[in-house]
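Topology and contacts: notes
Single-letter residue listing:
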Amino acid sequence: LRYDGKIGDMVVNTFMFREIKKRYPNIKIGVVARGQNKKIIENNPFVDIIYDYNKKSVCNLAEKIRKDRYDLLIDFSEVLKVKQMMFINKCKCRFNIGLDKRDWQLFDISINSNEDFYWTDHITERYCAYLKKIGIIGNINSEYDIYNDENTKKFDYISYSNGVVKDYIVINPYGASNHKSFNLRTLEKLILFLQSYNINIILLYYGDKIKE
């Protein structure tokens, strides 16, 4: 389940799809996605079906998933809302895996912090813990997979300044929360460092952040 719409987390999830298929090539993998994070896996060969999560039609989607008869449901939520609990329950998968859900009746298997992983670890370590819990251990490749549409135009971000080729680097300073974002001082230091290597910089922003 990736119904939170987080694009970055979906990117990290991609290595899980590949590693599961490597070990169990006949398994069918369905992903519940939401909003723009669907585009991350639209062309992923290790994903068999994408379910579009819509808050207004949660029950209909759960019924569709129930009819597809999945053996395992994996939820990555740190905090579950009532509607999400209802959705998981209505999917009626044989087994449910959750994060720090050891004492929950809704979940059969729990990935436990400070036991299976540590919060100070990179998020890939947490996702590896899920794989290990279902028997995928040893030689886990945690590199991400991004597959472009064959019709997608590939751009080379190169410009010429006085006959010298300059590379571009795109920086997104903002995350889902303040502690996942660069402060202005850190961003300035990063920009000055990159400029010392004659690199063009593109900054991404949203809303009124352009004022910064």
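Analysis parameters
- Residues numbered from 1 in each chain as written.
- Predicted model: local features only at pLDDT ≥ 70, side-chain atom pairs only at ≥ 80, totals over all residues.
- Heavy atoms only, no water.
- Helix = DSSP H or I, 4+ residues; strand = E, 2+ residues; numbered from the N terminus.
- Contact = heavy atoms within 4.5 Å.
- Areas by Shrake-Rupley, 256 points an atom, 1.4 Å probe, with all protein chains shown as cover.
- Polar contact = N/O pair within 3.5 Å; in protein donor to acceptor, adjacent residues only side chain to side chain.
- Buried < 20%, exposed > 50% of the residue type's maximum accessible area, 1.4 Å probe, protein only.
- Disulfide = S-S within 2.5 Å.
- Arc of directions from axis to C-beta.
- 1 Å grid on protein atoms, 1.4 Å probe; cavity = no way out; pocket = protein on both sides within 12 Å on 5 of 7 lines; lining within 4 Å.
- Points joined across faces, edges and corners; volume = space filled by probe spheres on them.
- Nonpolar A, V, L, I, M, F, W, Y, C, P; charged D, E, K, R; others polar.

1. Quick notes on the overall build of the protein
- When you go through the protein residue by residue, the secondary structure sums to five helices and eight strands.
- Moving toward the C terminus, one meets the helices and strands of the protein in the order α-β-β-α-β-α-β-β-α-β-β-α-β.
- Judged by the C-alpha coordinates and their principal axes, the protein covers about 65 × 40 × 40 Å.
- Contacts in the protein between residues at least 24 apart in sequence constitute 54% of all its contacts with a sequence separation of at least 6.
- When the accessible surface of the protein is totalled, it reaches about 14,100 Å², and 49% of it is carbon and sulfur.

2. Focus: the side chain of N37
- Its place among the elements puts N37 in the loop between β1 (30-33) and β2 (49-52).
- Polar contacts involving the side chain of N37 include one to the main-chain carbonyl oxygen of R2, which spans 3.2 Å.
- A distance of 2.8 Å separates the side chain of N37 from the backbone nitrogen of R34, its partner in a polar contact.
- When sequence neighbours within four positions are dropped, the list of residues in contact with N37 reads R2, D4, G5, K6, I7 and M10.

3. Description of the side chain of R2
- By the element assignment, R2 lies in the segment before α1 (7-23).
- We classify R2 as buried; its relative accessible area is 3%.
- A polar atom in the side chain of R2 sits 2.6 Å from the side chain of D4.
- In this structure the side chain of R2 is engaged in a polar contact, spanning 2.8 Å, whose partner is the side chain of Y127.
- In this structure, R2 is in contact with D9, M10, N13, V31, V32, A33, R34, N37, F76 and Y127, ignoring residues within four places of it in sequence.

4. Things to note about the state of the cysteines
- Taken as a whole and judged by the stated rule, the model has zero disulfides.
- C91 supplies the cysteine sulfur nearest to C59, a cysteine that is in no disulfide, at a spacing of 10 Å.
- You can call C59 partly exposed: its relative accessible area is 40%.
- C93 forms no disulfide, and the closest cysteine sulfur to it belongs to C91, at a distance of 5.3 Å.

5. What about helix α2 (residues 58-68)?
- What α2 keeps buried is the set V58, L61, A62 and I65. Within α2, the buried residues cover an arc of 100° as seen down the axis, which keeps them to one side. Along α2, the residues that are exposed and aim more than 90 degrees away from the buried face are N60 and K67.
- Its buried side turned inward, α2 meets β1, β2 and α3 (82-91).
- Once α2 ends, the next one or two residues include R69, with phi positive near 55°.

6. Let's talk about helix α4 (residues 123-133)
- With eight of 11 residues buried, α4 lies mostly within the body of the structure.
- Of the positions making up α4, those classed as buried are I123, T124, R126, Y127, C128, A129, Y130 and L131.
- On its buried face, α4 is in contact with α1, β3 (72-74), β4 (95-99) and β5 (109-111).
- At the C-terminal side of α4, G135 shows a positive phi close to 90°.

7. Things to note about the layout of surface pockets
- In this structure, the largest pocket occupies an estimated 680 Å³ of space.
- In terms of lining residues, the largest pocket is bounded by 27 residues, among which K28, Y70, L72, L73 and I74 are the most central.
- The dominant element in the lining of the largest pocket, judged by the number of residues it contributes, is α1, at four residues.
- In terms of residue class, the lining of the largest pocket is made up of 20 nonpolar, two polar and five charged.
- Roughly 490 Å³ of internal volume is contained in the second largest pocket.
- Lining the second largest pocket we find 22 residues, and of these D4, K6, S77, V79 and Q84 sit closest to its centre.
- Mapped by element, the contributors of at least two residues to the lining of the second largest pocket are α3 and α4.

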